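Structural description and commentary
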Amino acid sequence: MAPQTTIPQISSVVGAEHVLIEPELIISYVTDWTGRYSGDALAVVRPGNADEVAQVIRICAASGVSVVPQGGNTGLVGGSIPNQESNSVVLSLTRLDSLGDIDAVTGQVTCGAGVTLAQLQRHAHAAGWEFGVDLAARDSATIGGMVATNAGGIHVVGNGMMRKQVLGLEAVLANGEVIRSMSGLAKNNTGYDLTQLLCGSEGTLGVITEVALQLVRPRETELVLAGCESVQQAVEIASGFTGKLAAAELIDRAGIECVSRVTGIAVPFSTRFHLLIEIVGDIDFAQLESLEHATLAMDARDRENFWALRERITEAAAVEAAGVSHKLDISVPLSELDSIYRDISSLLLQPEVRNVVLFGHLMDGNFHVSFVTDTDDETLDIAILELVAARGGSISAEHGVGHMKPEYLHLSRSGAEIAAMRGIKGALDPAGILNPGVLLPQD
């Protein structure tokens, strides 16, 4: 247990009003979005700058208290939730919300870890720029959390994942030291790239406090919703726009009907799948007319409704779910996408399984698998992950490993790779105080 002086010491650094200890106040910080993962904490601490983060970490390290960094708590694998042991604090970074001026020439901007994606998008738009990553949880997801998990989203096919937008960062290590690389240099071959090492590290190597990001210029796009009868047909349709794709999102029948029931938005086609394609530049109408089922968004309302059919799936599924929600995030080579969809669908045709929805980022080879059961039995989850591994896929395409998948990491990473990751963790956090239980399997 932590010394009785730990919380008073932390309070003297960040202010007592930014240290939450009452159970009714910390409950939302120690329970993840799905409600499936929850833990306990001595306190929720809300520092206001990197220096306060460093001081808090030094206090915790000296007291043997674990630190769980948290952004918007929008994750689906429990990665920013403490485990059941109570000797930890949740380090909520939402007060680190500074936004710097945008460089008019380079499109570079610095922002605090607690800035939400929506705030950054508005900031960029006002200056004539865009941010290359977008996802449905934009109003809550924070930039620090998105870097820590290497977030993906709907525009990966056009702009790449979060790490591709990151030019540098500031972070506090487990010993309380601050590393900072915020120059935005295009070329800097001076040793290990610590910035990229921290991208996707899920708060296990350091606490990200500020990020330097590259923005992109806005592009005119057209939005097409097409109906198709198989995943393979959807891939063939989308591949016809290779080089012009900003997004390619696939929704199965169950998912789109679920969204329609919850939102009232009409389902355009009676096909088994709906494919949402965002195309950069002018549309080739001859190509569009060659599709049996396709409609073009004609105005802002059409665009909003088309995107809602995709982006509100998780929300709609949660509204209708009664039981334990299972949410998997897998990727396979495009050549395996059609068969993995069929195999997963067949596997989930069981009486104890309901609310089955598969959707995702088609040309990234990424499906999100959502279903509900009455119990927390992970037998089906494991079976799906093993199917994916057998096809050379990843058990986590973009959500991270969190508390959900460490014991299955071997399905996507070799023993040598896991050993190397342990070595890095041991070097940067020898006492193991940063986000314990996340990402790496327990010894």
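Here is a short report on the structure shown in this document. (Residues numbered from 1 in each chain as written. Predicted model: local features only at pLDDT ≥ 70, side-chain atom pairs only at ≥ 80, totals over all residues. Heavy atoms only, no water.)

1. Regarding the packing of helix α14 (residues 334-347) against helix α15 (residues 379-390)
Note the following rule: Note on method: axes are straight lines fitted to C-alpha atoms, helices fitted across the in-contact stretch only, with angles between N-to-C directions ranging 0 to 180 degrees. A run of H or I in DSSP counts as a helix once it spans at least four residues, and a run of E counts as a strand once it spans at least two, with each numbered from the N terminus. Working rule for angles: under 35 degrees goes down as roughly parallel, over 145 as roughly antiparallel, 65 to 115 as roughly perpendicular, anything else as oblique. Handedness of a crossing follows from how the near helix is turned relative to the far one, being left-handed for an anticlockwise turn of less than a right angle and right-handed for a clockwise one. Here a residue-residue contact requires only that any non-hydrogen atoms of the pair lie within 4.5 Å. Note on residue categories: nonpolar means Ala, Val, Leu, Ile, Met, Phe, Trp, Tyr, Cys or Pro, charged means Asp, Glu, Lys or Arg, and polar means any other residue, Gly included.
At their nearest, the axes of α14 and α15 sit 11 Å apart, and the two run at 160° to each other. In terms of axis orientation, α14 runs roughly antiparallel to α15. For the pair α14 and α15, the crossing hand works out as right-handed. For the pair α14 and α15, contact is made by I340, D343, I344 and L347 and by L380, A383, I384, L387 and V388, respectively. Within the contact of α14 with α15, the residues separate by chemical class into 8 nonpolar, no polar and 1 charged.

2. Quick notes on unusual backbone geometry
Just so we agree on the cut-off: Accessible area is worked out with a 1.4 Å probe on protein chains only. A residue is then buried under 20% of its type maximum, exposed over 50%, and partly exposed in between.
In the Ramachandran plot, N73 falls in the positive-phi region, its phi being about 55° despite a non-glycine side chain. Under the relative-accessibility criterion, N73 is labelled buried at 13%. The backbone of N355 sits at a positive phi, close to 55°, despite the residue not being glycine. Its location among the elements puts N355 in strand β14 (residues 354-361).

3. Focus: the pairing of β14
This is how it is decided: Two strands qualify as a pair provided that DSSP identifies no fewer than 2 bridges between them.
For strand β10 (residues 245-252) and β14, the ladder comprises 3 bridges, and the chain directions are antiparallel. By the bridge assignment, E249 is partnered in β14 with H361. Pairing of β14 with strand β15 (residues 366-373) involves 6 bridges; the strand directions are antiparallel. When the sheet's bridge partners are listed, R354 is paired in β15 with V372. Linking β14 back to β15 in an antiparallel pair, the connection comprises 4 residues, with G365 at a positive phi of about 70°.

4. Looking at the sheet that holds strand β5 (residues 108-112)
Spatially, 4 strands are ordered β5-β8-β6-β7 in an open sheet, and the strand pairing comes out antiparallel. Two strands close off the open sheet at either side, each with one partner strand: β5 and β7 (178-181). Taken over all neighbouring pairs, the strand axes of this sheet differ in orientation by 15° on average, direction set aside. Strand direction decides the pairing type here: β5 and strand β8 (residues 207-214), joined by 5 bridges, are antiparallel. Its bridge partner being in β8, T110 is matched across the sheet by A212.

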